[in-house]
Amino acid sequence: MDKKVVVGLLSLILYVVFFLPLMHWDNKVQAVVTLVIIQMLWIGRVFPLAFSSICCVLSL
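Conventions we followed
Residues numbered from 1 in each chain as written. Predicted model: local features only at pLDDT ≥ 70, side-chain atom pairs only at ≥ 80, totals over all residues. Heavy atoms only, no water. Helix = DSSP H or I, 4+ residues; strand = E, 2+ residues; numbered from the N terminus. Buried < 20%, exposed > 50% of the residue type's maximum accessible area, 1.4 Å probe, protein only. Polar contact = N/O pair within 3.5 Å; in protein donor to acceptor, adjacent residues only side chain to side chain. Axes fitted to C-alpha atoms, helices over the stretch in contact; angles between N-to-C directions. Parallel < 35°, antiparallel > 145°, perpendicular 65-115°, else oblique. Left-handed = near helix turned anticlockwise from the far one by under 90°. Contact = heavy atoms within 4.5 Å.

With that settled, the discussion passes to the side chain of Thr34. If you trace the backbone, Thr34 turns up in helix α2 (residues 27-43). A residue is classified by how much of its surface remains accessible, and Thr34, at 4% relative accessible area, is buried. A polar side-chain atom of Thr34 sits 2.7 Å from the main-chain carbonyl oxygen of Gln30.

Below, the structure is given as structure tokens:
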């Protein structure tokens, strides 16, 4: 499997666990998880830095 696909799937799993209304997480925890997801996508070169930053701002 391609590295970008693996990083994208891991990010999607984190998003589903922490942001869908299955469990209620504190806003601070969701903010940290958002930053971790964005860093994973940026370091894994799934998205460029500018697009990752816009995703971070929109998700918060």
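A word on the packing of α2 against helix α3 (residues 49-59). To describe two helices that pack against each other, one gives the angle between their axes and the distance between the axes. Between α2 and α3, whose axes approach to 9 Å, the crossing angle comes to 165°. Taken together, the axes of α2 and α3 are roughly antiparallel relative to one another. Every pair of crossing elements has a handedness; the one defined by α2 and α3 is right-handed. The segment α2 lies against α3, with Thr34, Leu35, Ile38 and Trp42 engaging Leu49, Ser52, Cys55, Cys56 and Ser59.

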